[in-house]
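# Examination of the molecular architecture
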Amino acid sequence: MYRYLTLGLLLAAIVLLGILVYKVMAGFFLPLFLAALLVVIFRPMHEWILKRLRGRRKIAAGLTTVVILVIVLAPLTLVVLFAAAEGRSVFQKFDATTLGEQLREARANLQLEIPAREEFTRIETAIDAMRQQTLPPNVEQQRDQLSYDAAELRAYAKELAIPLGLEWPDGDIPPDESADKTQRAWLDFVIPVERIGAELDEEVWTTLEDREQQQSALAAARGNFHLAIKEFFDFKTTVLGGSVRAWLTELANPDEQQARAYVTNVTGWGREQLVSLGGATTAYVMKFLLGLVIMALALFSFLLDGPAMLAALKHLTPLDDTHEDELIEEFEKVSRAVVLATLLSALAQGLLGGIGYYFAGLEPVFLLMLLTTMLALVPFIGAFAVCFPAALVLFFVEDRPGAGIFLAIYGAAIISMADNVIKPFVLHGQSNLHPLWALLSVLGGVTALGPIGILVGPMVVVFLQTLLKILQREMAAMQSPVAATQSPVAAMQSPVAATPELTGSTPPSPAPRPGKKQKRSGWKT
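Report follows, based on the coordinates.

Here is what the cut-offs are and how they apply
Residues numbered from 1 in each chain as written. Predicted model: local features only at pLDDT ≥ 70, side-chain atom pairs only at ≥ 80, totals over all residues. Heavy atoms only, no water. Phe/Tyr/Trp six-rings, centres within 6.5 Å; stacked < 30°, edge-to-face > 60°. Helix = DSSP H or I, 4+ residues; strand = E, 2+ residues; numbered from the N terminus. Buried < 20%, exposed > 50% of the residue type's maximum accessible area, 1.4 Å probe, protein only. Core = buried A, V, L, I, M, F, W, Y, C linked by side-chain atoms within 4.5 Å. Contact = heavy atoms within 4.5 Å. Expected span 1.5 Å × (residues − 1). Arc of directions from axis to C-beta. Polar contact = N/O pair within 3.5 Å; in protein donor to acceptor, adjacent residues only side chain to side chain. Axes fitted to C-alpha atoms, helices over the stretch in contact; angles between N-to-C directions. Left-handed = near helix turned anticlockwise from the far one by under 90°. Nonpolar A, V, L, I, M, F, W, Y, C, P; charged D, E, K, R; others polar. Patch = residues over 30% accessible without salt bridge, like charges linked within 9 Å, V, L, I, M, F, W, Y side chains within 5 Å. Areas by Shrake-Rupley, 256 points an atom, 1.4 Å probe, with all protein chains shown as cover. Salt bridge = Lys/Arg side-chain N within 4 Å of Asp/Glu carboxyl O.

## Let's talk about the packing of aromatic side chains
A full pass over the atoms with the stated rule returns ten aromatic pairs. Ring geometry for Phe-189 against Phe-232: centres 5.3 Å apart, planes inclined by 55°, an arrangement best described as tilted. Taken together, the residues span a long stretch of sequence, with Phe-189 in helix α8 (residues 181-199) and Phe-232 in helix α10 (residues 211-240) at a distance of 43 residues. Relative to Phe-233, the ring of Phe-232 lies with its centre 5.1 Å away and its plane at 70°, an arrangement referred to as edge-to-face. Look at Phe-232 and you get buried, because its relative accessible area is 0%. With a relative accessible area of 29%, Phe-233 lands in the partly exposed category. Here a set of aromatic residues connected by ring pairs shows up, and it is made of Phe-120, Trp-186, Phe-189, Phe-232, Phe-233 and Phe-235.

## Some words on the nonpolar core
Nonpolar side chains in soluble globular proteins tend to be buried together. Core analysis: the biggest nonpolar cluster contains 36 residues, and Leu-153, Leu-160, Trp-186 and Phe-189 have the highest contact counts within it. Counting only elements with at least two residues in this core, the list comes to α6 (117-131), α7 (139-164), α8 and α10. Counting residues per element, this core draws most heavily on α10, which supplies nine residues. Those residues in contact with Phe-189, other than ones at most four positions away along the chain, are Leu-153, Ala-157, Ala-228, Glu-231 and Phe-232. In terms of nonpolar packing, the next biggest core, distinct from the first, is built from 24 residues, Ile-68, Ala-298, Val-338 and Val-339 among them.

## Digging into the environment of Gly-382
Take Gly-382: it is sitting in the loop between α15 (365-376) and α16 (384-397). A sequence separation of 36 residues divides Gly-382 from Ala-346, and the C-alpha atoms of the two residues are 8.8 Å apart. Ignoring sequence-local partners within four residues, the contact set of Gly-382 consists of Leu-375 and Ala-376.

## Observations concerning α16
Here α16 contains 14 residues, and its C-alpha end-to-end distance of 19 Å stays within 8% of the 20 Å for a straight helix at 1.5 Å per residue. Listing the buried residues of α16 in full gives Val-386, Cys-387, Ala-390, Ala-391 and Leu-394. Along the axis of α16, the buried residues cluster in a sector spanning 130°; they form a single face. Following α16 by one or two positions, Asp-399 adopts a phi angle in the positive range, close to 55°.

## Quick look at the side chain of Thr-65
Within the element layout of this structure, Thr-65 appears in helix α4 (residues 57-92). Taking relative accessible area as the criterion, Thr-65 reaches 7% and is therefore assigned buried. For Thr-65, the side chain forms a polar contact with the main-chain oxygen of Ala-61, separated by 2.7 Å. Aside from chain neighbours lying at most four places away, what touches Thr-65 is Ala-296, Leu-299, Phe-300 and Leu-303.

## Things to note about the packing of α7 against α8
Between α7 and α8, the least distance of the axes is 9 Å, while the angle of their chain directions is 145°. For the crossing formed where α7 meets α8, the hand is left-handed. For the pair formed by α7 and α8, the contact residues are Leu-146, Ala-150, Leu-153, Arg-154, Ala-157, Leu-160 and Ala-161 on the first element and Trp-186, Phe-189, Val-190, Val-193, Glu-194 and Ile-196 on the second. Taken together, the residues of the contact of α7 with α8 sort by class into eleven nonpolar, no polar and two charged.

## Digging into a nonpolar patch on the surface
The grouping of Val-21, Tyr-22, Val-24, Met-25 and Phe-29 at the surface amounts to a nonpolar patch, some 480 Å² of accessible area in total. A total of four residues in the nonpolar patch trace back to one element, the largest contributor, which is helix α1 (residues 2-25). Mapped onto the elements of the fold, Phe-29 is located in helix α2 (residues 29-41).

## With respect to the environment of Ile-162
Within the fold, Ile-162 resides in helix α7. In sequence terms Ile-162 and Ala-116 are 46 residues apart; their C-alpha atoms lie 9.1 Å from each other.

## Points about the environment of Asn-224
Checked against the element boundaries, Asn-224 lands in helix α10. On a C-alpha basis, the gap between Asn-224 and Arg-195 in space is 7.1 Å, while along the polypeptide they are 29 residues apart. Apart from residues no more than four positions distant in its own chain, Asn-224 is found in contact with Pro-192, Arg-195, Ile-196 and Glu-199.

## Some thoughts on the pattern of salt bridges
For the structure shown, the criterion picks out eight salt bridges. Between Glu-231 and Lys-230 there is a salt bridge, with the nearest N and O atoms lying 3.9 Å from each other. When its relative accessible area of 48% is taken as the criterion, Lys-230 is described as partly exposed. Taking the shortest distance from any N to any O, the salt bridge between Lys-230 and Asp-234 comes out at 3.0 Å. Of this pair, Lys-230 and Asp-234 both sit in helix α10, four residues apart, roughly one helical turn. By sharing partners, the salt bridges in this structure join Lys-230, Glu-231 and Asp-234 into a single network.

## Comments concerning α6
Taking 1.5 Å per residue as the helical rise, α6 with its 15 residues ought to reach 21 Å, and the 21 Å between its terminal C-alpha atoms agrees with that figure. Residues of α6 that are buried include every one of Glu-119, Phe-120, Ile-123, Ala-126, Ile-127 and Met-130, and no others. One face of α6 carries all of its buried residues, which in axial projection span an arc of 130°. Its buried side turned inward, α6 meets α7 and α10.

## A word on the side chain of Lys-236
Residue position: Lys-236 is located in helix α10. Among all residues touching Lys-236, those that are not within four sequence positions of it are Phe-120, Glu-124 and Glu-250.

Right under this line is the structure:
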């Protein structure tokens, strides 16, 4: 009981201290993990440097650390600086005048101009004002107000008919089915307006004998008024070419006030983000520098004392040495394959994208190249998420359809296809992970852990797969001695021969399994 109590207290203390150690070290897991990945990736280079320095381990570890930091940080820093400079120049050019000119060019190229825009705007403004009016308490005042609104709407509608080349109906005549769609929609709008004037005409109104008839006439006039408003917006949708094209046309035709508001909101939001970023710059820089220092120190320590650390860790774990070696081998294999395949594919797509942007004549080449490289790391989005919008800008905004078509074809055939060439070439023979599990592990890793999940997700799945294989072998090894000793049928047929005490013979001892107990006790098989 004392031994069990001691073991329980020991396990409880280990769990408690493990939780505290996790909370203390949680902020440093990412630098340590990146350092371990860099050690695995650049281990052949470290072994070559160590060999050239004739076994001087400290000097070799320090030199390898410096070389790795230069290889990783120098290109990234240069690209980010160039991209930041180009992004600043693009942001400075973003104003209301430039946006208005670009929108006008895009509308002209896409044929999204609104015909008779001023007349449409005048009617819409009048309708908005009419909707905000309060209903007078007197019936005569209600009739006067509704008559005035109908006359105003009728006058604006006649002004709209001139630039559109539409005919005004002669009386309350239903639309002719042989007329085109626009003319029928136009008659559906203006005929209710004509009915309002006829129903509220002074001569007709004086013939109404009581208040009930007047209320009924006002209700009919209001119904036609609301019908006219509905038919007006349907008519505008017809003129603009349907619901989808009308939505695009409205979106591409903000007035000057709306354009200024959009630019003010966007620039204001950008300035707020820059101010908040500038206020937290010191904290971000200090955090980044601290993580970089920790990664560099861990990288040097892993290169110098990595084998000793692994040996100490293997003695602390209850797993067999062969299982630990298998897990370490899988970590090295999968991490090298995943990291190299992902980063090389992203860098290649970013470089190919930069070449395409340069020949297409786009100015912020480094900014677009950086965005292409970053989005190439994200599954299902990829580099085409930058290339395709850039091609649309060239085609519609800058009025260079040849360059836009070239960039779209180049992005689909060269940039995006590079991922399908580089990743299988690097991953070939390096990882036994099924493509479906690889895709799901990347997506799940990004969802659970953020960007670092692109690397951690596949490793977790491979570790689980390796542990399941080890468990399967252990269970098979546990069952094999029983099956190999004697089958149940043979034991039932010859019970005497199966019992060593009765036969006087001693069964042979099974061969001991290699493992930690064998190494620690000193005996060998």
